[in-house]
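Spelled out from the first residue to the last, the chains are:
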There are 2 protein chains.
Amino acid sequence: MTHKNLTIKEIAQRSGVSISTVSRVLNNSPSVSNEKREKIQAVIHENDYQPSMVARSMVSKRTHTLAIIAPDINNPYFTDLISEIELIANQSNYSILLFNTMSAGNRKVETKDSIEISVFKSILEKQVDGIFILGGDIDKEDLSESYLTALNHLNSIIPVVVIGQYQNGVNCHFIDRNLKYGVTLITQHLLSLGYRDIGFIGGEPKIKITTERVKAFKEILSLYSSVNEETIILNDYYAKDGYQAIKLLIEKNILPKALVAMNDQVALGAFRALNDYHLSCPEDIAIVSCDAFPDADFQTPRITNVNQHNHDLAQVALTTLLFYLDTTEILPENMSQHLPELVIRESCGSKNIGGLKL
Amino acid sequence: MTHKNLTIKEIAQRSGVSISTVSRVLNNSPSVSNEKREKIQAVIHENDYQPSMVARSMVSKRTHTLAIIAPDINNPYFTDLISEIELIANQSNYSILLFNTMSAGNRKVETKDSIEISVFKSILEKQVDGIFILGGDIDKEDLSESYLTALNHLNSIIPVVVIGQYQNGVNCHFIDRNLKYGVTLITQHLLSLGYRDIGFIGGEPKIKITTERVKAFKEILSLYSSVNEETIILNDYYAKDGYQAIKLLIEKNILPKALVAMNDQVALGAFRALNDYHLSCPEDIAIVSCDAFPDADFQTPRITNVNQHNHDLAQVALTTLLFYLDTTEILPENMSQHLPELVIRESCGSKNIGGLKL
DNA sequence: CACTATTATGAAAACGTTGTCAACACTTTT
DNA sequence: AAAAGTGTTGACAACGTTTTCATAATAGTG
């Protein structure tokens, strides 16, 4: 803390030129004599001079910073997205301002005034160039009026890209997650293995990700079998919830032959509960998941799941946002993204049952 | 993007006062007549006016932003720290600029010029008020000369707090992790259960976290038994590495009776490998871990491990950094933090062996 | 050789705040 | 009644850049 960064003025003085000329070499303007350019560059280098982004932002109106709003950065789904966005953003010379709204996860906070709305204020203050919303309030089926106005106001000043399901009345750009396709894929896999008695576990009830998936699940299941509402247990997205779901099904004595879990964590919790009741997957029950997390291939049993290609999602989101940064007012067509991909491992019991066809 | 944020000038005009007066109400200066204050506040509210942090930073030299440099935000250890730091920082009105250096993890990048050094430059540019380094290059046993100068230069301008082991020649403030204590604790537990043939798996070889732990492991083990270097397998911090380690030990036919794993992920990978060889934990071998990750209690077997109380670490780190922000030049005494805590579950086999004492 | 392009340079305004200072209108003190 | 204090207010400099504009120096043209 003894040192301080020099200013362009001091660089100019030490190089014996004007501020303007230094600015020119900083911005690679061609109209500077080689002699002075070299001298200036030498001085810059000697003093480890870094131009102040703050001052630059002052005039350019750009902070080269993007905000990410995520509800729970301890959840692998979000960190996967965040790390991918961060990577690509850095390559395009943008930094990431991270806001963890804690509106999901172990340490979830319930307040009457949404944390997210107050986060919007901070973001406005910070004058980021663009904003990603990865989940949280935006996923609720019943958006509050105040949240909606706050979000639309935000979006009217700074472009917002939401990774999630489209919501009526929200003006932001949505990157759709193709939620239905993934569940359909994996439920179909269970069906094609011969399972008919299939339930669904995990996911918060009034959240779009959950409701959309459950809806798609019921649709496909009802084509081949009947839906038993009792074996659809919605609580939350974590291991404890898979555990609780299994416990409930067993206690009520309605454990089905197969289950679709919201994600790998829920599946993990389910495995644990089964073990505690001396049952095992896939012998006694098949369990698959809609959302792959990093260690699926190391769990016992290895989890049959759907790889949602979140990396790819992040890429599309960033491209979209960068687009809006420059070319205001024009809407791009939906960009391509990889479709969810079924990854067959052990927990579906495909090895045991062995390819019954539909 | 149709709207734009007003400036203080426009607020002043619409309120019929000078810029200075508006600035006074923004900063709660007492010397403003009630009449004008109310008028101005009304105008501010009507227009959703947010003062520009950029302009404020320009004059105050403070951005109210802290940077976090982490090597792999897909690793629960880091997200745990990040989310805790973010939470407390927000409460103190600081925002978090996140830099993921990808110097660890699945997508690790190797370059001749350290990514971290280039991150230092971005950070300098952004003029954050303080910096956290959570891991990465700083943990290397042999720090490169260029990294060291870059880091010390950075720290001479912006205060840096490192969560990690002290390094000679680095001037930053270090928050020590008490690494030794945790391994000692858990190794002692194995010893007290009667195990003598104990190995160690996981962790990158030339990284301080690893070397410190292995050293402590050897120290305590050698008091009661002999150390077999062959059963110490250092590769990396992830599930694949636990898997690989077990595979190696089995192939060389030197699988010990118990293993200390670097962290829960390594343990998970080890469980998986055992299963593939039709062995099981803890019946055939006990496996415990030095670093707890969220789902330890849902794995099969439930993992006996050490809770390092990382939350607490984050708290200390933030307090330290905030201290340096205001009171330059003075060193605070080490703040208290929770000691690592042994959590006995199943994977140590304590239930089977049942309390042999040392 | 005068006249116009072209290139290199610096002065000064602008960005949106805060902070210092002076000025004004009142009170209060002497 | 003059002096001194107190509470409100606005003008203006400052923060570190970029950008616009004018100008000086050089080269190219008829």
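Residues numbered from 1 in each chain as written. Chains lettered and ligands numbered in written order. Predicted model: local features only at pLDDT ≥ 70, side-chain atom pairs only at ≥ 80, totals over all residues. Heavy atoms only, no water.

Caption draft 1: Focus on the overall build of chain A. Across its full length, chain A holds 13 helices and eleven strands. The principal-axis extents of the C-alpha atoms in chain A amount to approximately 85 × 45 × 40 Å. Buried positions account for 56% of the 358 residues belonging to chain A. The contacts of chain A with a sequence gap of at least 6 include a subset with a gap of at least 24, amounting to 73%. Accessible area of chain A: about 15400 Å², with a carbon and sulfur share of 50%. With 33 positive and 42 negative side-chain charges, chain A shows a spacing of 4 Å between the two charge centroids. (Helix = DSSP H or I, 4+ residues; strand = E, 2+ residues; numbered from the N terminus. Buried < 20%, exposed > 50% of the residue type's maximum accessible area, 1.4 Å probe, protein only. Contact = heavy atoms within 4.5 Å. Areas by Shrake-Rupley, 256 points an atom, 1.4 Å probe, with all protein chains shown as cover. Lys, Arg positive; Asp, Glu negative; His and termini not counted. Charge placed at Lys NZ, Arg CZ, Asp CG, Glu CD.)

Caption draft 2: Quick look at the relation of the copies chain B and chain A. With an RMSD of 0.2 Å, the operation that places chain B on chain A is a rotation of 180° combined with a shift of 0.1 Å along the axis. In short, the pair behaves as if placed about a two-fold rotation axis. No C-alpha of chain B lies nearer the rotation axis than that of B:Leu97, which sits 2.2 Å from it. Mapped onto chain A, 100% of the interface residues of chain B again fall at the interface, so both copies present the same surface. (Least-squares fit on C-alpha atoms with pLDDT ≥ 70 in both.)

Caption draft 3: Structural view of the side chain of B:Asp236. By the secondary structure assignment, B:Asp236 is in the loop between strand E7 (232-233) and helix H10 (239-251). Residues in contact with B:Asp236, not counting those within four places in the same chain, are B:Lys108, B:Gly202, B:Gly203, B:Glu204, B:Asp241 and B:Val266.

Caption draft 4: Representation of the sheet that holds strand E5 (residues 173-175) of chain B in the model. Taken in spatial order, the ten strands of this open sheet run E5(A)-E4(A)-E3(A)-E1(A)-E2(A)-E2(B)-E1(B)-E3(B)-E4(B)-E5(B), and their pairing is mixed. Sheet topology places strand E5 (173-175) of chain A together with E5 of chain B at the edges, where each strand pairs with a single neighbour. Adjacent strand axes in the sheet meet at a mean angle of 25° when their direction is disregarded. Alignment of strand E3 (residues 130-133) of chain B against strand E4 (residues 160-163) of chain B, held across three bridges, turns out to be parallel. The partner of B:Ile133 across the bridge, within E4(B), is B:Val162. Taken strand by strand, helix H5 (residues 76-91) of chain B contacts strand E2 (95-100) of chain A together with strand E1 (65-70), strand E2 (95-100), E3 and E4 of chain B, and its axis lies near 80° from that of E2(A). (Pairing = 2+ DSSP bridges. Axes fitted to C-alpha atoms, helices over the stretch in contact; angles between N-to-C directions.)

Caption draft 5: The arrangement of the UniProt feature "domain: HTH lacI-type" (unreviewed entry) in chain A in detail. Within this numbering scheme, the UniProt entry marks residues 6-60 of chain A as carrying the feature "domain: HTH lacI-type" (unreviewed entry). Across residues 6-60 of chain A, helical content stands at 67% and strand content at 0%; the span's end C-alpha atoms are separated by 21 Å. (UniProt positions renumbered as here; feature names shortened; annotations may be inferred.)

Caption draft 6: Representation of the pairing of E2(B) in the model. All names here are of chain B. With six of its six residues buried, E2 lies for the most part within the structure. A two-sided burial pattern is seen for E2, the buried positions comprising Ser 95, Leu 97 and Phe 99 on one face and Ile 96, Leu 98 and Asn 100 on the other. Across six bridges, the pairing between E1 and E2 is parallel. Directly across from Leu 66, in E2, lies its bridge partner Ile 96.

Caption draft 7: Main features of empty space enclosed by the protein. Enumeration over the complete set of coordinates arrives at five cavities of 30 Å³ or more. Space inside the largest cavity adds up to approximately 260 Å³. Taken together, 17 residues form the lining of the largest cavity, with A:Thr65, A:Lys126, B:Thr63, B:Thr65 and B:Lys126 sitting closest to its centre. Of all the secondary structure elements, the ones that give two or more residues to the lining of the largest cavity are helix H4 (53-60) of chain A together with helix H4 (53-60) of chain B. Partitioned by chemical class, the residues of the lining of the largest cavity number eight nonpolar, seven polar and two charged. Here the second largest cavity defines a volume of roughly 60 Å³. Lining of the second largest cavity is provided by A:Leu268, A:Phe271, A:Phe298, A:Gln299, A:Thr300, B:Leu268, B:Phe271, B:Phe298, B:Gln299 and B:Thr300. Split by residue class, the lining of the second largest cavity holds six nonpolar, four polar and no charged. (1 Å grid on protein atoms, 1.4 Å probe; cavity = no way out; pocket = protein on both sides within 12 Å on 5 of 7 lines; lining within 4 Å. Points joined across faces, edges and corners; volume = space filled by probe spheres on them. Nonpolar A, V, L, I, M, F, W, Y, C, P; charged D, E, K, R; others polar.)

Caption draft 8: Representation of the protein's contact with DNA strand D. Taken together, 26 residues lie around DNA strand D, and A:Ile8, A:Ser23, B:Thr21, B:Arg24 and B:Lys61 are the ones closest in. In DNA strand D, atoms within 4 Å of the protein come 60% from sugar and phosphate. In the model, a phosphate oxygen of DNA strand D is placed 2.6 Å from a nitrogen or oxygen of the B:Thr21 side chain. Sorting the residues of the surface near DNA strand D by element identifies helix H2 (19-26) and H4 of chain A together with helix H2 (19-26) and H4 of chain B as the ones contributing at least two each. Here the residues of the surface near DNA strand D sort into eleven nonpolar, ten polar and five charged. (Near = heavy atom within 4 Å. Polar contact = N/O pair within 3.5 Å; in protein donor to acceptor, adjacent residues only side chain to side chain.)

Caption draft 9: Examining the pattern of salt bridges more closely. Scanning the model with the defined rule gives 28 salt bridges over all chains in all. One salt bridge connects A:Asp297 with A:Arg302, and the closest N-O pair in it is separated by 3.6 Å. Taking the relative accessible area as the measure of exposure, A:Asp297 reaches 34% and is therefore partly exposed. Owing to a relative accessible area of 15%, A:Arg302 belongs among the buried residues under this scheme. B:Glu230 is paired through a salt bridge with B:Lys252; the nearest N and O atoms lie 3.4 Å apart. Taken together, the residues span a long stretch of sequence, with B:Glu230 in the loop between helix H9 (208-224) and E7 and B:Lys252 in the loop between H10 and strand E8 (258-261) at a distance of 22 residues. For B:Lys252, a relative accessible area of 44% puts it in the partly exposed group. Overlapping salt bridges, with partners in common, bring together A:Arg272, A:Asp276, B:Asp297, B:Arg302, B:Arg345 and B:Glu346 in one network. (Salt bridge = Lys/Arg side-chain N within 4 Å of Asp/Glu carboxyl O.)

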